[in-house]
Amino acid sequence: MTTRIAIVFGATGQQGSSVVRALLEDGTFRPRAVTRDVNSSSARALAQLGAEIVSADFSDKDAIKNVVTGAEVVFLVTVPFSPVSPEDVQGKNVVDASKEAGVRFMVFSTLPGVSELSNGKYTNATHCDDKEKIRKYIQASGVPHASIGTGFFFENTLKPFAGLPLEKTDNGYVWNAYARPGSVTVHTWVTRDMGPSVVALFTKYTTRASEIVGQYFVLGSARTSFEDFAAELSKALGAPVHFKSAGKAGFLPLSDMFDSVAEYPWYGEVDIPDPRLEKLGVKTGTIEEFGRTVFKSHLAE
Ligand SMILES: NC(=O)c1ccc[n+]([C@@H]2O[C@H](COP(=O)([O-])OP(=O)(O)OC[C@H]3O[C@@H](n4cnc5c(N)ncnc54)[C@H](OP(=O)(O)O)[C@@H]3O)[C@@H](O)[C@H]2O)c1
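Structural notes, computed from the coordinates. (Residues numbered from 1 in each chain as written. Predicted model: local features only at pLDDT ≥ 70, side-chain atom pairs only at ≥ 80, totals over all residues. Heavy atoms only, no water.)

Once that is clear, we can look at the packing of aromatic side chains. Per the counting criterion, the structure on display carries 19 aromatic pairs. Look at W175 and F226: their rings are 5.8 Å apart centre to centre, the planes differ by 35°, and that puts the pair in the tilted class. Of this pair, W175 sits in strand β9 (residues 173-177) while F226 is found in helix α9 (residues 226-237), placing the two residues 51 residues apart along the sequence. Using a relative accessible area of 1% as the deciding quantity, one classes F226 as buried. Both rings, one in W189 and one in F290, keep their centres 5.3 Å apart while their planes meet at 80°; by these two values the pair is edge-to-face. In this pair, W189 sits in the loop between β10 (184-188) and α7 (190-204) while F290 sits in helix α12 (residues 287-300), placing the two residues 101 residues apart along the sequence. In this pair, the class of W189 matches that of F290, namely buried. Three or more aromatic residues joined by ring pairs form one cluster here, namely F152, F154, F161, W175, W189, F226, F229, F243, F258, F290 and F295. Positioned over the ring face of Y173 is K168, at 4.9 Å from the centre of the ring. Positioned above the aromatic ring of W189 is the side chain of R192, whose terminal nitrogen or guanidinium carbon lies 5.3 Å from the ring centre. (Phe/Tyr/Trp six-rings, centres within 6.5 Å; stacked < 30°, edge-to-face > 60°. Helix = DSSP H or I, 4+ residues; strand = E, 2+ residues; numbered from the N terminus. Buried < 20%, exposed > 50% of the residue type's maximum accessible area, 1.4 Å probe, protein only. Lys NZ or Arg CZ within 6 Å of the ring centre and 35° of its normal.)

This is the structure in structure tokens:
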């Protein structure tokens with residue numbers, strides 16, 4: 001068995017579990033999955049698949065140092081709205097500990113800094129701004145790294161996103177979300193595509209360093225409107241799915257995020273799917289495929 005260790009933060013979540021599964025499938029690295037509760041059902045499920053399970057909270061630098069020690073690579077995803085001070089943005093402990101432990105390469109899952117993107121117009125999307133702060137913190141730390149920017153997750157259609165459920169109508173579905181009508185953004189099938197993307201970067205960061213280290217990739221299947229996303233789901237399902245804008249979210253971070261999406265193109269210059277990831281062997285799934293497989297069977301449950 002390989003002795004090369006990959007740390008996966010957020011391992012029990014959508015992104016991290018995708019990374020753990022892809023690492024196990026690939027076999028180059030041994031995944032060490034980080035959770036706050038090693039006895040949770042999701043942690044035990046990862047252990048059953050063959051991952052090592054370790055415990056640490058982002059706020060506990062000593063615990064983080066323990067888990068990253070001996071690792072070659074780290075996948076980091078932070079989670080929004082955690083009770084940390086502006087000086088102690090979530091993820092900082094992971095960067096500091098990784099640097100001290102001599103981690104060779106880190107992949108950070110991120111979002112655009114909305115304050116900067118909107119030239120100071122939308123300053124409440126702290127869940128996005130904090131990620132941009134950490135991205136810059138990693139850059140300044142000197143730890144070799146790459147970032148993966150994500151879009152709106154396909155998986156948001158499977159559960160009430162921001163409290164808004166999918167509605168059943170007489171012959172189809174209404175998908176409610178806070179996005180403005182006509183706004184176009186990147187859409188990401190994160191549980192399918194994050195894992196293989198991270199594996200591509202982890203397994204090639206030394207042999208194809210110039211294409212990977214220091215890069216800011218964008219993970220997405222399409223750059224499209226919410227209306228067109230729903231139309232693709234309709235095709236896959238054989239029943240109409242209509243997108244309905246729910247207006248402005250009552251929660252300022254979310255309303256600022258959706259306003260920024262409508263007015264300032266996220267990842268403006270990058271083609272979606274990102275050709276740089278495709279060159280590294282990443283082939284993202286399509287909206288139609290998601291509709292035909294995951295979405296359809298979810299509705300049948
Ligand atoms: N929904 C979207 O459309 C969208 C789009 C782009 C980006 N995002 C971003 O995606 C991120 C969430 O990723 P996800 O969906 O994979 O997460 P998720 O499924 O909600 O899971 C959260 C993960 O974070 C871990 N975690 C939570 N608090 C922690 C703490 N204090 N210390 C250590 N670990 C902690 C949890 O582990 P345990 O509970 O096991 O400890 C769990 O593995 C968010 O930052 C969000 O902004 C979301």
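In this section: the pattern of salt bridges. Evaluated as defined, the whole model comprises 20 salt bridges. Ionic pairing is found between E72 and R4, a salt bridge with its closest N-O pair at 2.9 Å. Note that E72 is positioned in the loop between α3 (61-68) and β4 (73-76) and R4 in the segment before β1 (5-8), a separation of 68 residues in sequence. Residue D259 pairs with R180 through a salt bridge whose shortest N-O separation is 3.0 Å. Linking D259 in helix α10 (residues 252-263) with R180 in the loop between β9 and β10, this pair joins segments that are 79 residues apart in sequence. The exposure class of R180 is partly exposed, given its relative accessible area of 31%. What you see here is one network of salt bridges that share partners, running through K121, R180, K248, D259 and E263. (Salt bridge = Lys/Arg side-chain N within 4 Å of Asp/Glu carboxyl O.)

Another point: the sheet that holds strand β12 (residues 222-225). Sheet strands associate in pairs through backbone hydrogen bonding, adopting either a parallel or an antiparallel arrangement. Read across the open sheet, the three strands follow the order β7-β10-β12; overall the sheet is mixed. Single-partner strands in this sheet number two, and they are β7 (152-153) and β12. As judged from the four bridges shared by β10 and β12, these two strands associate in the antiparallel manner. Each residue of the ladder has a partner; that of V184, found in β12, is S225. (Pairing = 2+ DSSP bridges.)

This part covers α10. With twelve residues, α10 should cover 16 Å at 1.5 Å per step; its first-to-last C-alpha distance of 16 Å lies within 8% of that length. Judged by how many residues are buried, α10 sits mostly within the fold: nine of twelve residues are covered. Every buried residue belonging to α10 is among P253, L254, S255, D256, M257, F258, D259, S260 and V261, and all of these are buried. Along its buried surface, α10 packs onto α5 (114-117), α6 (126-141), β7, β10 and α9. (Expected span 1.5 Å × (residues − 1). Contact = heavy atoms within 4.5 Å.)

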